[in-house]
Amino acid sequence: MSEGFAPDVHARLRADAEEIVSRYPDNQRSALGPMLHLVQSEEGFVSARGIALCAEVLGLTRAEVSAVATFYSQYRRHPNGTYNFGVCINPVCGVMGGDLIYEAVSEKLGLHADETTEDGLITLERLECNAACDYAPVVMVNWEFFDNQTRASALALVDDILAGRDIHPTRGPEKVPTFREVSRTLAGFEDGLADQGPSAGPASLLGNRLAAENDWRAPYDPSATEAEEDPTMSTEQDRNVTEGTPAAGEPGSSAEREVTSQQDVDPDTVSKPNTPDPNAARDDSEEAPSKEEEK
């Protein structure tokens, strides 16, 4: 039995771990990722006794389990807050106000990156990308989206968490689950929230809408159709599909497209767009759109 867990907790986690393992009949070691999330759902982080449990179930050494737990940033090696407050500071979010939002939240909470409030309620994180550039700047709380944020709306969100109020993401479930609840979902146990709220807003679907309105389609590739219809197509056959395709920059490649504008001939004629001052582009009193507005 792994160290530290009470017998009833060990038995429950062991049963859940074995259910996870059953999903990977051909390579049980692949179960390690979800199992580490399972440990976090119990402890709020990947503890030493959680590592021991994973090693015990999978027949690995603790060093092998620790190597994975320390590699991926979603696994925490010290207790995480009930709410993980992540502010994206990648280029798009950063220039749209993400850096200012992070500074404001950091100052309000008295935290730096990966630090947690004394009451264990909030952990602050600098996120490199939320995969939501179309709604920049974006904040994620326990991996749920809060789109089009301002300093004012982000600080109001912090106030709601500190006051114990439910917080409601722009997309996804009606309210944000706790870090431990989300960790159990990431371990592969359904939470019943998948169908709540919109999953994609108008900005994300704009390209799809324009393509449908204009009847735009990708160029037809008969060899690709052949591969789809014949799932047994060999690696050699698949390699033949791309043979003869010019490399980038060579005659016949996409770089050899026809000139369509003066800018193609002389890039210096490209005029700079009239971009507003990023420091004045967004009113901090402006609130993020509600779910109803998104719909």
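For the structure, check the block above.
Residues numbered from 1 in each chain as written. Predicted model: local features only at pLDDT ≥ 70, side-chain atom pairs only at ≥ 80, totals over all residues. Heavy atoms only, no water.

## A word on the overall build of the chain
At step 1: On a plain count of helices and strands, the chain comes out with 12 helices and 5 strands.
At step 2: Sorting the 295 residues of the chain into buried and exposed places 36% on the buried side.
At step 3: Per element, the accessible surface of the chain, about 17400 Å² overall, is 51% carbon and sulfur. (Helix = DSSP H or I, 4+ residues; strand = E, 2+ residues; numbered from the N terminus. Buried < 20%, exposed > 50% of the residue type's maximum accessible area, 1.4 Å probe, protein only. Areas by Shrake-Rupley, 256 points an atom, 1.4 Å probe, with all protein chains shown as cover.)

## Some details on the sheet that holds strand 3 (residues 122-127)
At step 1: A sheet is described by the order of its strands in space; here 5 strands give the open sequence 2-3-1-4-5, paired in mixed fashion. For this open sheet the edge positions go to strand 2 (115-116) and strand 5 (144-146), each flanked by a neighbour on one side alone.
At step 2: Seen against the sheet, helix 6 (residues 151-162) touches strand 1 (83-88), strand 3, strand 4 (139-141) and strand 5 and runs at an angle of roughly 175° to strand 1. (Pairing = 2+ DSSP bridges. Contact = heavy atoms within 4.5 Å. Axes fitted to C-alpha atoms, helices over the stretch in contact; angles between N-to-C directions.)

## Brief notes about helix 3 (residues 48-58)
At step 1: Summarising burial for helix 3: 8 of the 11 residues are buried, a large majority.
At step 2: Residues of helix 3 that are buried: Gly-50, Ile-51, Ala-52, Leu-53, Cys-54, Ala-55, Val-57 and Leu-58.
At step 3: Residues of helix 3 that are buried make contact with helix 1 (7-21), helix 2 (32-43) and helix 4 (62-69).
At step 4: Count one or two residues on from helix 3 and you reach Gly-59, which has phi positive near 70°.

## Brief notes about helix 8 (residues 202-214)
At step 1: With 13 residues, helix 8 ought to run about 18 Å at 1.5 Å a step, and its terminal C-alpha atoms sit 17 Å apart, in line with that.
At step 2: At Asn-208, helix 8 is bent by approximately 30°, the largest bend along its length.
At step 3: Taken from the residues just after helix 8, Asp-215 is the one with a positive phi, measuring 55°. (Expected span 1.5 Å × (residues − 1). Bend = angle between axes of the 7 residues up to and from the residue.)

## Concerning the environment of His-37
At step 1: Looking at the element boundaries, His-37 is found in helix 2.
At step 2: Considered as a pair, His-37 and Ser-183 are 146 residues apart in the sequence and their alpha carbons are 5.1 Å apart.

## Some thoughts on the pattern of salt bridges
At step 1: For the structure on display, the rule yields 13 salt bridges.
At step 2: For Arg-76, the salt bridge identified is with Glu-125, shortest N-O distance 3.2 Å. Residue Arg-76 is found in the loop between helix 4 and strand 1, and its partner Glu-125 is found in strand 3; the two are separated by 49 residues along the sequence.
At step 3: The exposure class assigned to Arg-76 is buried, which follows from its relative accessible area of 7%.
At step 4: A salt bridge links Glu-213 to Arg-209; the shortest N-O distance between them is 2.8 Å. Taken together, the residues Glu-213 and Arg-209, both in helix 8 and 4 residues apart, mark about one turn of the helix.
At step 5: Beyond isolated ion pairs, a larger network of salt bridges with shared partners links Arg-14, Glu-18 and Glu-56. (Salt bridge = Lys/Arg side-chain N within 4 Å of Asp/Glu carboxyl O.)

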